[in-house]
Amino acid sequence: MRLEWGAEEEAFRAELIEFLAAHAPPEARRRRDFIGSDDGSLPGWARAWQATLFDHGWMVPGYPPELGGRNATPVQTLVYLEELARQGIPRSLHFGGYAIVGPSLLEFGSEAQRAMAPAAIRGDTVWCVGMSEPDAGSDLASLSTRAELDGDSFVVNGQKVWTSYAMVAEKCFCYVRTNPDVPKHKGISVVIIDLDSPGVEVRPLRHVTGAAEFAEVFFTDVVVPRGNLVGQLDDGWRITMGSLAHERGGIWLEGVSGCQRTVDDLVALAHRRRLDRDLAVRRRLAAAYAEAQGLRALGYKGFAGFAQGSSAPEHSYMKLATSELRQDLYELGLDLQGPFGVVTDPERAEEGGRWPHAFLVSLAATIGGGTSEIQRNVIATRVLGLPRG
Amino acid sequence: MDFTLTEEQEMLRQAARSLFTRECPSSLVRAHMDDPAAADPLWKHLREWTALAAGDTVDLCLFLEEAGAAVAPGPFFATTALFGPVLAAAGHTALESVQAGELTGTVAMAGADGAWTANGDPVKTFVPELDRVDQVAFVGEGPTVAVVPAQGLAWRPVATLDSTRRLFEVEGPADRSAAVPVAAQALADAVGRATVAVAAELVGAGRWLLDATVAYAKERTQFGRPIGSFQGLQFEITDMALAWERAAAAVAYAAMALDAADPDRRTAVHVAKAQAGEAARRCARVGMQVHGGIGYTWEHDLHLRLRRAYAGDGLLGPVTWHLDRLAELLFDSDRET
Ligand SMILES: Cc1cc2nc3c(=O)[nH]c(=O)nc-3n(C[C@H](O)[C@H](O)[C@H](O)COP(=O)(O)OP(=O)(O)OC[C@H]3O[C@@H](n4cnc5c(N)ncnc54)[C@H](O)[C@@H]3O)c2cc1C
């Protein structure tokens, strides 16, 4: 056990800091509470920034240069994630492309599909990930969007829902049922669907914040070339597990750093509202601080195991804990302002209405990407070995 | 103590429920976000119920629970739960016109700190529906009450999470001659009544959330069974129901205590508002979680109640404010609040 990184890692960090200072656009430095844009569009600065990161080998440092990286070691990658999180700088406003689609294409794709990975990671091609359906959310394996093989192509019929960025995406990394006659996990495949194909209809849905950030996607007799199948037929379930494997040891940093920044901001808010001598407020904030610090330590502890190649059960706790803590922190931010907490009027609200907005946004964190209940089920059965209910 | 409703009260509740179901669909609530005039047709029906401004608090609360469930917009709450009671406390003759459904009004009382205690602040905050009512009762230091026409006042809207209740900032009237003294106890009871009225609305919004959540947990299936059969969700929903039941009872108790001028009524009001704010917020958060992705959409009506739950908690004192007042009563028995 050891508290500091070595000289080599710090040199790596220094280089990154220098790069960020020189290139990060001011918009990326706007301390944001969440990744994502407010209106569902992908602003030009964000696209340019992602491309700049890629071109300098700072998009996914663990990858080789042609994939936007610099062959960084796991520890260097952690330092990288740490520094971005510390400065609150996002890499991209849509993580689907570089974090899910790119890595999956590289791991499971054909040669032609692997060639699509750089554009996905650089953000030149915007992707959406079509998993959830009206009747298949937590129970993803029961998805029913049907893809029937007809000669050299699939014919796709069905519907996806809550598909982030489908309105702006060119392509959908889409989970479909290719075999209805086998146990449900065994009849799923992934196909790449061009969203401008005839028979695709994208109907925007709005988040509770009002931002049109996700959509319903309908497929009616959409013809998809057989070559767009990713991996083997009926073997798509395996792909749900594939994402940025070498970053997995550090993705928790985003959540923890977000919590820590929010605690800092709450302390500042309490000062501004003259609550800094209020014992109840002091204790609540100190408890939040302790929780965030504890989670940070737990994340690093998990990383140590991860870097040595073992799986890190600690990381199963991180999404659950950081998403719930963040909700509580934003709610606390409302409470600290008394009756003014719900004011959204930019001229009257603290920080232009940041707190109520961030609170609403935070409600998604315990639903998207696997609900808190599903996370608890996974921890209970896989980490703790409790019997299944 | 008897919590059972009389036959008249049961009829009042039923009448309110069917009125709001019929006249206040979510399409009206959503149209009102962009154009406040969308609530006018609802007001045409509600103006027949403004006699509630002066009757029993219990009756007003029964009615407003239904208004809260429907997140009803418009001047009814401001007129019957704020303006009417303050007129009554001041012995103002305009109360008759309010009861007859001929006059709408609101109250400007909270000052810079947002608390509903008499103060001399020049700018009043959290004034509901100010631009769409006839008159405003300004409550000032003393305490005093000045009833003036809303027209001609210097105001500005202040947007909150909840578009169904429009709030304003307003400067006190230039002419102070209208201010007349009001008995402190009478004013405290009027504010107490308004506070319990907001709590009743919160109970209504919470009930909608609870009912919708229980129904959804029964009907939504994942993994081949209703999600309501997963114990993890059952416990969450059970705790939500407990919070709601406790709050609904506390609100009914406080309403009865006000009607009986019970010596315990001040405490009961703080308990009711704190419990109702807590319960409504909890119902909103658990309700959202149980609904999953569909609950997170703008298109689903859940967020309309979630917004009302948080904004209603803030109005006339959030949970924390009422708990602080209770703490003073518990610890500083010599202190008058
Ligand atoms: C902001 C946002 C963005 C999203 N983006 C995408 C996207 O880009 N692509 C995509 O495919 N999907 C996306 N989703 C959908 C998301 O993945 C689903 O909402 C999520 O998986 C939950 O599914 P569901 O909404 O159907 O809820 P359900 O699965 O119906 O769950 C409802 C409730 O039941 C609980 N529950 C379910 N099963 C169990 C169980 N076994 N034990 C205990 N409790 C259980 C859940 O925890 C939840 O509380 C997004 C969602 C949100 C909110």
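Because the structure is a prediction, the values reported are computed rather than measured. (Residues numbered from 1 in each chain as written. Chains lettered and ligands numbered in written order. Predicted model: local features only at pLDDT ≥ 70, side-chain atom pairs only at ≥ 80, totals over all residues. Heavy atoms only, no water.)

## Considering the domain arrangement of chain A
Along its sequence, chain A is carved into domain 1 (7-93), domain 2 (126-233) and domain 3 (249-383). For domain 1 of chain A versus domain 2 of chain A, the distance between C-alpha centres works out to 30 Å. (Domains from an automatic or database assignment.)

## A short note on the site of the ligand
Near the ligand lie 28 residues; those nearest to it are S132(A), S138(A), T371(A), R220(B) and G293(B). In this structure the ligand sits where residues from chains A and B come together. In the environment of the ligand, a nitrogen atom lies 2.8 Å from a nitrogen or oxygen atom belonging to the backbone of V129(A). Residue Q222(B) places a side-chain N or O atom 3.5 Å away from an oxygen atom belonging to the ligand. (Near = heavy atom within 4 Å. Polar contact = N/O pair within 3.5 Å; in protein donor to acceptor, adjacent residues only side chain to side chain.)

## Digging into the sheet that holds strand β4 (residues 144-149) of chain B
All names here are of chain B. The strand order across the open sheet built from four strands is β1-β3-β4-β7, with neighbouring strands paired in mixed fashion. Each edge of the sheet is formed by a strand with only one pairing partner; in this case those strands are β1 (105-108) and β7 (180-181). Summarising the sheet, strand β3 (residues 135-140) and β4 pair through six bridges and their orientation is antiparallel. When the bridges of β4 are listed, V139 appears paired with V145. Helix-sheet contacts for helix α5 (residues 76-90) involve β1, β3 and β4, and the interaxial angle to β1 is about 70°. (Pairing = 2+ DSSP bridges. Helix = DSSP H or I, 4+ residues; strand = E, 2+ residues; numbered from the N terminus. Contact = heavy atoms within 4.5 Å. Axes fitted to C-alpha atoms, helices over the stretch in contact; angles between N-to-C directions.)

## Here's the deal with the interface of chain A and chain B
Counting residues at the interface gives 41 residues for chain A, matched by 36 residues for chain B. Buried surface at the junction of chain A and chain B, summed over both partners, amounts to about 3,400 Å²; 57% is from carbon and sulfur atoms. Its largest share of buried area at the contact with chain B, chain A owes to V208(A), P339(A) and V342(A), together 19% of the area lost on that side. The interface formed by chain A and chain B holds eight salt bridges in total. D335(A) is the partner of R281(B) in a salt bridge, and the nearest nitrogen-oxygen pair spans 2.9 Å. (Buried area = accessible area lost by both parts, 1.4 Å probe. Salt bridge = Lys/Arg side-chain N within 4 Å of Asp/Glu carboxyl O.)

## Section: the pairing of strand β5 (residues 188-194) of chain A
Moving residue by residue along a regular strand, the side chains alternate between the two faces of the sheet. Residues and elements named next belong to chain A. With six of seven residues buried, β5 lies mostly within the body of the structure. Pairing of strand β4 (residues 171-177) with β5 involves seven bridges; the strand directions are antiparallel. Within β5, the residue paired with V176 across the bridge is S189. In terms of strand pairing, β5 meets strand β8 (residues 229-230) through two bridges, oriented antiparallel. Bridged to V190 within β8 is V230. (Buried < 20%, exposed > 50% of the residue type's maximum accessible area, 1.4 Å probe, protein only.)

## Quick notes on a nonpolar patch on the surface
Residue and element names in this part refer to chain A. Side chains of Y317, L384 and L386 sit close together on the surface and give an oily, nonpolar patch of about 280 Å² of accessible area. On the secondary structure map, L384 appears in the segment after α13 (372-383). Taking the relative accessible area as the measure of exposure, L384 reaches 52% and is therefore exposed. (Patch = residues over 30% accessible without salt bridge, like charges linked within 9 Å, V, L, I, M, F, W, Y side chains within 5 Å. Areas by Shrake-Rupley, 256 points an atom, 1.4 Å probe, with all protein chains shown as cover.)

## So, the nonpolar core
One finds I193(A), F20(B) and W116(B) to be the most contacted residues of the largest nonpolar core, which totals 196 residues. Those residues within four positions of I193(A) in sequence are excluded, and the remaining contacts are V156(A), E170(A), K171(A), C172(A), C174(A), V200(A), F219(A), V222(A) and V224(A). (Core = buried A, V, L, I, M, F, W, Y, C linked by side-chain atoms within 4.5 Å.)

## Notes on helix α5 (residues 95-108) of chain A
Residues and elements named next belong to chain A. With 14 residues, α5 should reach 20 Å at 1.5 Å per residue; the first-to-last C-alpha distance of 19 Å fits that figure. In the structure, α5 departs most strongly from a straight axis at V101, where the bend amounts to approximately 30° and where the proline P103 lies between one and four residues downstream. With 10 of 14 residues buried, α5 is to be regarded as a mostly interior element. (Expected span 1.5 Å × (residues − 1). Bend = angle between axes of the 7 residues up to and from the residue.)

## A few points about the sheet that holds strand β6 (residues 167-171) of chain B
Residues and elements named next belong to chain B. Pairing is antiparallel across the open sheet formed by three strands, whose spatial order is β2-β6-β5. What marks the edges here is a single partner per strand, and that holds for β2 (123-128) and β5 (155-157). Averaged over neighbouring strand pairs, the angle between their axes works out to 25° when direction is ignored. Where β2 and β6 come together, four bridges link them in antiparallel fashion. Bridging across to β6, P128 finds its partner in L167.

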